[in-house]
Amino acid sequence: YKLSVSPEMDIMEYCRKEWRGNTPVAKRMRKGYEAVAQKFASIRRIRGDNYCAFRATLFQALSQATQLPSWLQSEDFTMLPENLLNKYDWIKQWQLKQKPGKKMGEISDEIQEYLMLLRKKWKNISEIKDPIEKQEACDKLFKNEEEEYSLYEALKFLMLNTAIELYNDDKSGKRVPVFSWLLFARDTSSNPCQLMHNHLNHIGHSGGLEQVEMFLLAYALQYSIQVYRLYKYSTDEFITLYPNDPQEDWPVVTLITEDDRHYNVPVRMCQETRL
């Protein structure tokens, strides 16, 4: 049993523990943490495996959820696996973490279950009014390894669906966000099928999310993901938004990273920034 999201700790206390030396890197990290501490009082460490970007984003989204997003309410949401499989035979090569070697034709029902679980958990947590109870419900969910990984499979599948939509929009001459061009400009993901084979199938196993995939995750969830990138302190990229041109009505979640690979979450907004 491993803790997915550690209990909260004072941000500056955490920083002093992690970055003691006087190297330029340590100094920059301390400055970065000081800047975050202007807005947030505490930090929660996210378990560092190849799912940590999913874990941090979903944890923050659920912690502040007050309603079910419209895309989770749509009738055909849980029919996604079946609908996509009918159109794209190559999706049969989808890999499940828990079931390596099983083909998508056999697991479409399981992905449907994962999508239903995502909807159910999001609905239940968003309906909890008391902030302490809501936090307890989130903590409990992220202690249940089986459910947690099922939710990440659902997120990955939503990212694939979003990638297919963007790819088709671009091909039919519609306007697409810039990151979509970058996503499909890579040698390893020039179309959604390659994206699945070379990237999405590996997330959680042998790799985490790359920068351009953070944009895709944001679009799939219809959330803005704001990241304090501490090693970029004092540059324009210190606070990066995925996507950088978000829809105005998208909620915002905030993460912290020291290296663009591992993400933690800041919690407890300082009172003055709330007003």
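Above this text sits the structure in question.
Presented here is an overview of the structure given in this document. If you're wondering where the values come from, they're calculated on a predicted model, not measured in any experiment.

1. Considering the layout of surface pockets
- Taken as a whole, the second largest pocket spans an internal volume of roughly 380 Å³.
- What lines the second largest pocket is a set of 17 residues, among which Trp71, Asn161, Thr162, Glu165 and Gln222 lie closest to the centre.
- Mapped by element, the contributors of at least two residues to the lining of the second largest pocket are α5 (80–87), α8 (145–171) and α11 (211–221).
- In terms of residue count, α8 provides more of the lining of the second largest pocket than any other element does, five residues in total.
- Looking at the lining of the second largest pocket residue by residue, the class counts come to nine nonpolar, five polar and three charged.

2. Some thoughts on the environment of Glu213
- Examined against the element boundaries, Glu213 turns out to sit in helix α11.
- It is 25 Å that separates the C-alpha atoms of Glu213 and Asp76, two residues lying 137 residues apart in sequence.
- A polar contact is formed between the side chain of Glu213 and the backbone nitrogen of Glu210, at a distance of 2.8 Å.

3. Describing the state of the cysteines
- By the definition in use, this model includes zero disulfides.
- Summary of cysteine pairing: Cys138 is not part of a disulfide, and the nearest cysteine sulfur, belonging to Cys52, is at 18 Å.
- Note on Cys138: relative accessible area 0%, which makes it buried.

4. A few points about the pattern of salt bridges
- Across all of its chains, the model carries 16 salt bridges by this definition.
- Ionic pairing is found between Glu145 and Arg47, a salt bridge with its closest N-O pair at 3.4 Å. Pair noted here: Glu145 is in helix α8 and Arg47 is in the loop between β2 (40–44) and α3 (52–63), with a separation of 98 residues, a long-range link.
- On the basis of relative accessible area, Arg47 is assigned to the buried category, the value being 13%.
- Of the charged contacts, one joins Asp49 and Arg55 as a salt bridge, the two residues approaching to 2.9 Å between their closest N and O atoms.
- With a relative accessible area of 23%, Asp49 lands in the partly exposed category.
- Each of the salt bridges in this network shares a partner with another, and the network as a whole consists of Arg229, Lys232, Glu237 and Asp260.

5. Overview of the pairing of strand β3 (residues 224–229)
- Here β3 lies mainly inside the structure; five of its six residues are buried.
- Bridging between β3 and strand β5 (residues 252–257) involves six bridges; their strand directions are parallel. When the sheet's bridge partners are listed, Ile225 is paired in β5 with Val253.
- The sheet contact formed by β3 and strand β4 (residues 239–242) spans four bridges and is antiparallel. Paired with Ile225 across the bridge in β4 is Tyr242.

6. Observations regarding the sheet that holds strand β1 (residues 9–10)
- Taken together, six strands build an open sheet; the order of strands is β1-β2-β6-β5-β3-β4 and the sheet is mixed. Each having just a single partner strand, β1 and β4 make up the two edges of the open sheet.
- Of the strand pairs in this sheet, β2 and strand β6 (residues 263–269) are connected by four bridges, and their pairing is antiparallel. Residue Phe40 lies in a different strand from β6, and its bridge partner there is Met269.
- Sheet strands in contact with α3 are β2, β3, β5 and β6, and its direction is about 20° off that of β6.

Scoring rules and cut-offs
- Residues numbered from 1 in each chain as written.
- Predicted model: local features only at pLDDT ≥ 70, side-chain atom pairs only at ≥ 80, totals over all residues.
- Heavy atoms only, no water.
- 1 Å grid on protein atoms, 1.4 Å probe; cavity = no way out; pocket = protein on both sides within 12 Å on 5 of 7 lines; lining within 4 Å.
- Points joined across faces, edges and corners; volume = space filled by probe spheres on them.
- Helix = DSSP H or I, 4+ residues; strand = E, 2+ residues; numbered from the N terminus.
- Nonpolar A, V, L, I, M, F, W, Y, C, P; charged D, E, K, R; others polar.
- Polar contact = N/O pair within 3.5 Å; in protein donor to acceptor, adjacent residues only side chain to side chain.
- Disulfide = S-S within 2.5 Å.
- Buried < 20%, exposed > 50% of the residue type's maximum accessible area, 1.4 Å probe, protein only.
- Salt bridge = Lys/Arg side-chain N within 4 Å of Asp/Glu carboxyl O.
- Pairing = 2+ DSSP bridges.
- Contact = heavy atoms within 4.5 Å.
- Axes fitted to C-alpha atoms, helices over the stretch in contact; angles between N-to-C directions.

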